[in-house]
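# Architecture at a glance
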Amino acid sequence: MKHLLSIGDLTRADVERLLETARSLDGPEPLPVLRGKLVLNVFYESSTRTSSSFELAAKRLSASTLTIKSSGSSADKGESLKDTVLTLAAYEPDVIVIRHPQIGAPAFVARHTAAHVVNAGDGKHQHPTQALLDLYAMRKALGGLEGLHVAIVGDVLHSRVARSLVQALGLVSAHTTLIAPPALLPRGIEALGCETTTELDAIGAADVVYVLRMQRERMLAGASYVPSLREYTARWGITPERLRPGQKVMHPGPLNRGVEIDARVADGPDSLVLEQVRAGLVVRMAVLHDLVAAGAAAARLGAVA
Ligand code: CP
């Protein structure tokens, strides 16, 4: 793997290898596998989980890391993405992890640097490491992925998480139903390999209910997607009364407690929310390892052959 830009670029074998590598790296001890390597985290959008876990993942693998947030950087003075990338490429990083509001920004960076590039979220397009960590957390909690039924509920329209996760679940032969109010369910999204409905009752058939955040920052000013947040919560909010005992609940975070998810669900015994955070660290270690260390080993083998 040269870059990780989209789940659409991966095969089932890639996903299984990454999940297996993550499992093998799970543990508190630092590992020397990326010693001497440089991982740059470049975030043009806010992040807690993704930015911290990539930084920690690089450190656990003994790489040097540098995190740059667009706020406070020369992006504030009008520097273009291309100039920022060319500037950072002068440090000869091995990996650039980038989050950007523009769809395709990570692919653009990949064309302007020799580094491996990881998409940490581009607009409403893709968030591939989120999908991989979600698979890891599901597999750990439920024992397997094949044949699993996942209901993804909420603001699908603005969700890169939903798009990546539908594709990832399809790769491992799991089944997805997207559930959203009509205005938050993009036309044609079934082409990714899922069913859609506006009826929340459809969660009853799911093994996992995956709740999406209402992404108010991506909604057009003045546009009306739901009658009101209060009505959204009343019709589509996930409460204990709407779940079966044992039905697992996931959310990529950050949570809007009391909007799309009731606090009793978020903190309840079937919530995998913090398992997802823990999975983020090992899965991102696996991605960095796969890009840098595994790629270098393959190159060495190629040179010998
Ligand atoms: N799930 C996720 O991407 O969270 P952050 O925005 O905190 O990184």
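As shown above, the structure is provided for reference.
Here's what I pulled together on the structure shown here. (Residues numbered from 1 in each chain as written. Predicted model: local features only at pLDDT ≥ 70, side-chain atom pairs only at ≥ 80, totals over all residues. Heavy atoms only, no water.)

### Side note on the overall build of the protein
Stated formally: Under the DSSP-based scheme used, a helix requires at least four consecutive residues in state H or I and a strand at least two consecutive residues in state E, with every element numbered from the N terminus. Each radius of gyration is computed over the set of C-alpha atoms, and the globule rule expresses the reference value as 2.2 Å times the number of residues to the power 0.38. Only protein chains enter the accessibility calculation, which uses a 1.4 Å probe; a residue is then buried when its area is under 20% of its type maximum, exposed when over 50%, and partly exposed in between. We call two residues in contact whenever any of their non-hydrogen atoms come within 4.5 Å of each other. Computed with a 1.4 Å probe, the accessible areas rest on the Shrake-Rupley method; for each residue, only the protein chains presented here act as cover. For the charge count, each Lys or Arg is scored as positive and each Asp or Glu as negative, with His and the chain ends excluded. One atom stands in for each charge, and that atom is NZ of Lys, CZ of Arg, CG of Asp or CD of Glu.
The helix and strand tally for the protein stands at nine helices and nine strands. Taking 19 Å as the expected radius of gyration for a compact globule of 305 residues, we find that the protein reaches 19 Å, a close match to that expectation. Projected onto its principal axes, the C-alpha coordinates of the protein cover approximately 60 × 45 × 35 Å. Counting across all 305 residues of the protein, residues that qualify as buried make up 53%. Considering only contacts within the protein whose residues lie at least 6 apart along the sequence, 74% involve residues at least 24 apart. By element, 54% of the accessible surface of the protein is carried by carbon and sulfur atoms, the whole surface being about 13300 Å². On the protein, the mean spot of the 33 positive side-chain charges and the mean spot of the 31 negative ones are 3 Å from each other.

### A look at the environment of Thr11
One can find Thr11 in the segment before helix H1 (12-25). Remark: the alpha-carbon pair of Thr11 and Leu171, spanning 160 residues in sequence, is separated by 7.0 Å.

### Some words on the sheet that holds strand S5 (residues 149-153)
Inclusion rule: A strand pair is defined by DSSP finding two or more bridges across the two strands. To get an axis, fit a line to the C-alpha atoms, keeping to the stretch in contact for a helix; angles then go from 0 to 180 degrees between the N-to-C directions.
Strand order in this open sheet of five strands is S7-S6-S5-S8-S9, and the pairing throughout is parallel. For this open sheet the edge positions go to strand S7 (195-197) and strand S9 (248-250), each flanked by a neighbour on one side alone. The sheet shows a mean angle of 20° between the axes of neighbouring strands, taken without regard to direction. Where S5 lies against strand S8 (residues 208-211), four bridges are found, and the strand directions are parallel.

### A closer look at helix H3 (residues 81-89)
The following threshold applies: Taking the helix axis as origin, the arc is that swept by the directions to the C-beta atoms.
Every buried residue of H3 is accounted for by Leu81, Thr84, Val85 and Leu88. All buried residues of H3 fall inside an arc of 95° around its axis, so they share one side. The inward-facing, buried residues of H3 abut strand S1 (38-43), strand S2 (64-69), strand S3 (95-100) and helix H4 (105-111).

### Regarding empty space enclosed by the protein
Our working definition: As defined here, a cavity is a set of points on a 1 Å grid over the protein atoms alone where a 1.4 Å probe fits but cannot get out. A pocket is an open set with protein on both sides within 12 Å along at least five of seven lines, and residues line them when an atom is within 4 Å of a point. Grid points are joined across faces, edges and corners, and a volume is the space filled by probe spheres set on the points. Put simply, Ala, Val, Leu, Ile, Met, Phe, Trp, Tyr, Cys and Pro go in the nonpolar bin, Asp, Glu, Lys and Arg in the charged bin, and everything else, Gly too, in the polar bin.
Under the definition given, this model contains one cavity of 30 Å³ or more. If you add up the space inside the largest cavity, you get close to 30 Å³. Lining the largest cavity are Val42, Tyr44, Leu81, Thr84, Val85, Leu88, Ile96, Ile98 and Val109. Of all the secondary-structure elements, those providing two or more residues to the lining of the largest cavity are H3 and S3. Ranked by residue count, the leading element in the lining of the largest cavity is H3, at four residues. When the residues that make up the lining of the largest cavity are grouped by side-chain class, the tally is eight nonpolar, one polar and no charged.

### Structural notes on the site of the ligand
For the record, the criterion: Nearness here has a simple test: a residue counts as near a molecule or strand if at least one of its heavy atoms is within 4 Å of that partner. The definition of a polar contact used here is a pair of N or O atoms within 3.5 Å, where within protein one atom must be able to donate a hydrogen and the other to accept one, and adjacent residues in sequence count solely through side-chain atom pairs.
Neighbouring residues of the ligand: Ser46, Ser47, Thr48, Arg49, Thr50, Arg99, His127, Gln130, Pro252 and Gly253. One of the side-chain nitrogen or oxygen atoms of Ser47 is found 2.6 Å away from an oxygen atom of the ligand. Contact distances for the ligand include 2.8 Å between a nitrogen atom and a backbone N or O atom of Pro252. Across the complex, the protein chains shield 92% of the 250 Å² of accessible surface that the ligand would expose by itself.

### Examining the layout of surface pockets
Stated formally: Those domain boundaries reflect an automatic or database domain assignment.
In this structure, the largest pocket occupies an estimated 420 Å³ of space. Along its surface, the largest pocket is lined by 20 residues, and Arg99, Arg160, Arg213, Gly253 and Pro254 are the ones closest to its centre. Elements with a contribution of two residues or more to the lining of the largest pocket: helix H2 (49-60) and helix H6 (160-171). Grouping the constituent residues of the lining of the largest pocket by class yields four nonpolar, nine polar and seven charged. Of the domains in this structure, domain 1 (7-127 + 277-304) and domain 2 (128-275) are the two that each give at least three residues to the lining of the largest pocket. Of the volumes computed, that of the second largest pocket is approximately 190 Å³. What lines the second largest pocket is a set of 18 residues, among which Arg49, Ser53, Gln276, Val277 and Arg278 lie closest to the centre. Of all the secondary-structure elements, those providing two or more residues to the lining of the second largest pocket are H2, helix H5 (128-142) and helix H9 (273-304). Residue contributions to the lining of the second largest pocket peak at eight residues, all from H9. A per-class count over the lining of the second largest pocket returns eight nonpolar, seven polar and three charged. Formed jointly, the lining of the second largest pocket draws a minimum of three residues from each of two domains, domain 1 (7-127 + 277-304) and domain 2 (128-275).

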